[in-house]
There are 2 protein chains.
Amino acid sequence: MMKSIKAASYPVHFQEKGYQEISSLISKNNYSTIFIMVDENTFELCYPKFIQNLETDKRIEVIEIESGEIHKNIETCIGVWNAITELGGDRKSVLITLGGGVITDLGGFVASCFKRGIDFINIPTTLLSMVDASVGGKTGVDLGVLKNQIGLFANPEMVLVDTDYLTTVSEREIKSGTAEIIKYGITYDRKLFNEIKNNKGLNINDLIFRSIEIKNEVVLQDPKEQNLRKILNFGHTLGHAIESFYLKSKDKENLTHGEAIAIGMVCESYMSEKLLGFPANKVSEIKEVILAIYKKTALLKKDFSAIMDLLKHDKKNVNGQVNFVLLKDFEDCQLDCKVPEELIIESMEFYNS
Amino acid sequence: MMKSIKAASYPVHFQEKGYQEISSLISKNNYSTIFIMVDENTFELCYPKFIQNLETDKRIEVIEIESGEIHKNIETCIGVWNAITELGGDRKSVLITLGGGVITDLGGFVASCFKRGIDFINIPTTLLSMVDASVGGKTGVDLGVLKNQIGLFANPEMVLVDTDYLTTVSEREIKSGTAEIIKYGITYDRKLFNEIKNNKGLNINDLIFRSIEIKNEVVLQDPKEQNLRKILNFGHTLGHAIESFYLKSKDKENLTHGEAIAIGMVCESYMSEKLLGFPANKVSEIKEVILAIYKKTALLKKDFSAIMDLLKHDKKNVNGQVNFVLLKDFEDCQLDCKVPEELIIESMEFYNS
């Protein structure tokens, strides 16, 4: 039995206990209508279990959006806002997000802006959204290919993590979430990284619990990402640019978020070696662990300049200067590092090598 | 010389002093870029004075949107977000809104959602935005014909009120703002109402200062509109529905916000008489003051049902029930009043009579 985690202003409940808690929260807050946001996959695979375990006599309305990062945009938000409006949503409505990171990120944003804010509850159904998106108060959508360009800091009333939902997602999606667990290991908990490296008797529930615990510890200390929280961006600066590049390249298959971040972590480890003296053997260790999980994506030389252009729109940039989080060591990050353009390109060549 | 008003987390500065304050705020916060949002009118008529009085060596970029309530929507926001992105906006950018309520409401929302929030500064240039929109932390845009359906509570870093800008707006726009001053008088300060009624030696600067003072007092006590702040919705429940109806009726000329609210105040005073015993002579007094300022708009019987439909989408509704703020007396409101549909219709007939 996993105990609950107390986040900023809301609890994270696990497994069966979560359903009791969600039912009593709904009853206590006396919501007028319960909107449940799903995509076609979670409606088919997760909604039946959820609705069977929810005890309420309130009106329930399901809002379905199309799955995929490509739909994580303002146009989808407008569709959801119109749907909630037509279904008579009011200020006492609650929005429950049931899905992966697209659903929880977009749903939290939609709820926070509807009539200047209604309550929302996150129920992540993918590993990525369990260990990352659903906790920490970031909501948002993409603007064109720029990830999470539009969004807010806004906390849910509750998060329910039921790892049973992981049986509904593909191996590739599980790996996508694993990249964030590796990140927590590298930046915050060497022991966690070693567990993944040794890959013996791993208990996914324990990994999830520990990841949420870490994210929560970091976010509580720095909710608005002024300093400490930036460590969670390790691998994400270059990773996001690579993810965006594949998203907008019509002739290339998209990378999952985790696949892109995994590449980003290898490259940024290499930058760390060159700029901060992060030991070369640890760079190799990280690269090996990652390449044992993710098949190598060939980064083409001719694509480097397009990736560099996308880097220039990273949310962490100030005055046109790209900011990286680099490693002095495991569990020891240096924030706001400037990296020469040549070294960024060199790091992608290192990944390829 | 008008003194400054201390609002929730930000100051409201008046006249020439405001320009010094804004210049030193920009310098203190070391913004990377200053975005100034205008429409074609304020760019021509207000921007020259503003830019002449702004002392800064930071990069300045002007973003122009089309004037008019019809453009206060998410599509315009997307255009502004794209413009800020293309102009290299980052988290240390600041957005200065220079215009009426459309600019300040939309601009505050755009800033609050860009990269999860950048600073903004409001410079209202119409009477309505000076006495209402620019203070109090409400931002938002319309969804279709539904006013402010999408938005946030978010505070600017500063508000600068320079009444010199009122020379740039039409008599009709001045009257639009006057409706909110009348509302403050009715719901909070009988003396202020009497001044407008007697209409002798009115000093617009004093009226503006007193209005902001009242709004600020109310908002400080109840920023999220849980109770007291609802008094500021007097006249707005039916008024918004009427405003929306004229906005979406292609064959009718739009009403200004103030013209619609003025009608709403007459009707809701009448409802107050019938439901709460608000004295009939005071209803007449309100109607007379309003009809002395605003020419009567004929509300057609055949339009009543469309107006009633729009009422059902009012943001204050819960469980499909329309909530009115009504008067027991001047300066004495009753919140969350349910009004029978027949009485709402009767009140519009009373306005017509």
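What you see is a predicted model, and the numbers here were worked out from it, not measured in a lab.

## Concerning the interface of chain A and chain B
Argument step 1. Taken together, the contact pairs 36 residues of chain A with 36 residues of chain B.
Argument step 2. On inspection of chain A and its partner chain B, the count reaches 2 salt bridges.
Argument step 3. Across the pair Arg91 of chain B and Glu225 of chain A runs a salt bridge, and its minimum N-O distance is 3.4 Å.
Argument step 4. The interface formed by chain A and chain B holds 12 residue pairs in polar contact (both at pLDDT 80 or more) in total.
Argument step 5. Contributing elements (two or more residues each) for the side of chain A that touches chain B: helix H4 (74-86), helix H5 (101-113), strand E7 (138-143) and strand E8 (146-153) of chain A.
Argument step 6. No other element matches E8 of chain A, which puts 7 residues into the side of chain A that touches chain B.
Argument step 7. A breakdown of the residues in the side of chain A that touches chain B according to their chemical character gives 12 nonpolar, 13 polar and 11 charged.

## Some thoughts on the packing of aromatic side chains
Argument step 1. Throughout the structure, instances matching the rule amount to 16 aromatic pairs over all chains.
Argument step 2. With a centroid separation of 5.3 Å and an interplanar angle of 50 degrees, the aromatic rings of Phe14 of chain A and Phe209 of chain A are classed as tilted. With Phe14 of chain A in strand E2 (residues 11-14) and Phe209 of chain A in helix H9 (residues 204-221), this residue pair connects regions lying 195 residues apart in the sequence.
Argument step 3. We classify Phe14 of chain A as buried; its relative accessible area is 2%.
Argument step 4. Looking at Phe209 of chain A, the relative accessible area reads 12%, which means it is buried.
Argument step 5. Three or more aromatic residues joined by ring pairs make a cluster, and in this case those are Phe193, Phe278 and Phe330 of chain A.
Argument step 6. In this structure, Lys49 of chain A is placed above the aromatic ring of Tyr165 of chain A, and the distance from its NZ or CZ to the ring centre is 6.0 Å.
Argument step 7. Positioned over the ring face of Phe350 of chain B is Lys287 of chain B, at 4.2 Å from the centre of the ring.

## Some points on the environment of Thr126 of chain A
Argument step 1. Mapped onto the fold, Thr126 of chain A is located in the loop between strand E6 (119-124) and helix H6 (127-133).
Argument step 2. Setting aside its immediate chain neighbours within four residues, Thr126 of chain A contacts Gly99, Gly100, Gly101, Leu166, Val169 and Glu173 of chain A.

## With respect to the side chain of Asp90 of chain A
Argument step 1. Inspection of the secondary structure assignment puts Asp90 of chain A in the loop between H4 and strand E5 (94-99).
Argument step 2. Look at Asp90 of chain A: it is buried, it has no salt bridge, and the nearest opposite charge is Arg59 of chain A at 6.6 Å.
Argument step 3. In this structure the side chain of Asp90 of chain A is engaged in a polar contact, spanning 2.8 Å, whose partner is the backbone nitrogen of Lys92 of chain A.
Argument step 4. Excluding residues that lie within four positions of it along the chain, Asp90 of chain A makes contacts with Ser32, Phe114, Lys115 and Ile118 of chain A together with Asn317, Val318, Asn319 and Gly320 of chain B.

## A short note on the sheet that holds E5 of chain A
Residues and elements named next belong to chain A.
Argument step 1. Strand order in this open sheet of 7 strands is E1-E2-E9-E6-E5-E3-E4, and the pairing throughout is mixed. Whereas interior strands pair on both sides, the edge strands pair on one side only; in this sheet they are strand E1 (5-6) and strand E4 (59-65).
Argument step 2. Relative to E4, strand E3 (residues 33-39) is paired through 7 bridges, and the arrangement is parallel. Residue Ile36 lies in a different strand from E4, and its bridge partner there is Val62.
Argument step 3. Seen against the sheet, helix H1 (residues 15-29) touches E2, E3, E5, E6 and strand E9 (158-161) and runs at an angle of roughly 155 degrees to E9.

## Section: the domain arrangement of chain A
Residue and element names in this part refer to chain A.
Argument step 1. Here chain A is partitioned into domain 1 (5-168) and domain 2 (171-204 + 220-352).
Argument step 2. Computed over C-alpha atoms, the centres of domain 1 and domain 2 are 28 Å apart.
Argument step 3. Residue-level contacts link 18 residues of domain 1 with 24 residues of domain 2.
Argument step 4. Between domain 1 and domain 2, the buried area comes to about 1900 Å², and carbon and sulfur atoms account for 67% of it.
Argument step 5. Joining domain 1 to domain 2, the criterion identifies 2 salt bridges.
Argument step 6. The biggest single contributor to the side of domain 1 that touches domain 2 is E8, with 5 residues.

## Some details on the relation of the copies chain A and chain B
Look at the two chain copies: a rotation about an axis and a shift along it is all it takes to match them.
Argument step 1. At an RMSD of 0.0 Å, chain A and chain B line up after a rotation of 180 degrees and a shift of 0.0 Å along the axis. Put plainly, the chains are arranged around a two-fold axis. Proximity to the rotation axis, assessed at the C-alpha, singles out Ile74 of chain A in chain A; its C-alpha lies 4.1 Å from the axis.
Argument step 2. A shared binding surface is used by both copies, with 100% of the interface residues of chain A retained as interface residues in chain B.

## Examining the pairing of strand E6 (residues 119-124) of chain B
Residue and element names in this part refer to chain B.
Argument step 1. Summarising burial for E6: 5 of the 6 residues are buried, a large majority.
Argument step 2. Taken together, the 6 bridges between strand E5 (residues 94-99) and E6 define a ladder with parallel strand orientation. Considered in E6, the bridge of Leu98 is made with Ile123.
Argument step 3. Read as a crossover between parallel neighbours, the route from E5 over helix H5 (residues 101-113) to E6 is right-handed.

## Considering helix H10 (residues 236-248) of chain B
Residue and element names in this part refer to chain B.
Argument step 1. Taking 1.5 Å of rise per residue, 13 residues should cover 18 Å, and H10 covers 17 Å from first to last C-alpha, within 8% of that figure.
Argument step 2. Listed in full, the buried residues belonging to H10 are His236, Thr237, Leu238, Gly239, His240, Ala241, Ile242, Glu243, Ser244, Phe245, Tyr246 and Leu247.
Argument step 3. For H10, the secondary structure elements touched by its buried residues are strand E8 (146-153), helix H7 (171-188), helix H11 (257-276), helix H13 (304-311), strand E10 (324-329) and helix H14 (341-352).

About the criteria used
- Residues numbered from 1 in each chain as written.
- Chains lettered and ligands numbered in written order.
- Predicted model: local features only at pLDDT ≥ 70, side-chain atom pairs only at ≥ 80, totals over all residues.
- Heavy atoms only, no water.
- Contact = heavy atoms within 4.5 Å.
- Salt bridge = Lys/Arg side-chain N within 4 Å of Asp/Glu carboxyl O.
- Polar contact = N/O pair within 3.5 Å; in protein donor to acceptor, adjacent residues only side chain to side chain.
- Helix = DSSP H or I, 4+ residues; strand = E, 2+ residues; numbered from the N terminus.
- Nonpolar A, V, L, I, M, F, W, Y, C, P; charged D, E, K, R; others polar.
- Phe/Tyr/Trp six-rings, centres within 6.5 Å; stacked < 30°, edge-to-face > 60°.
- Buried < 20%, exposed > 50% of the residue type's maximum accessible area, 1.4 Å probe, protein only.
- Lys NZ or Arg CZ within 6 Å of the ring centre and 35° of its normal.
- Lys, Arg positive; Asp, Glu negative; His and termini not counted.
- Pairing = 2+ DSSP bridges.
- Axes fitted to C-alpha atoms, helices over the stretch in contact; angles between N-to-C directions.
- Domains from an automatic or database assignment.
- Buried area = accessible area lost by both parts, 1.4 Å probe.
- Least-squares fit on C-alpha atoms with pLDDT ≥ 70 in both.
- Right-handed = clockwise from strand over helix to strand, strands pointing away.
- Expected span 1.5 Å × (residues − 1).

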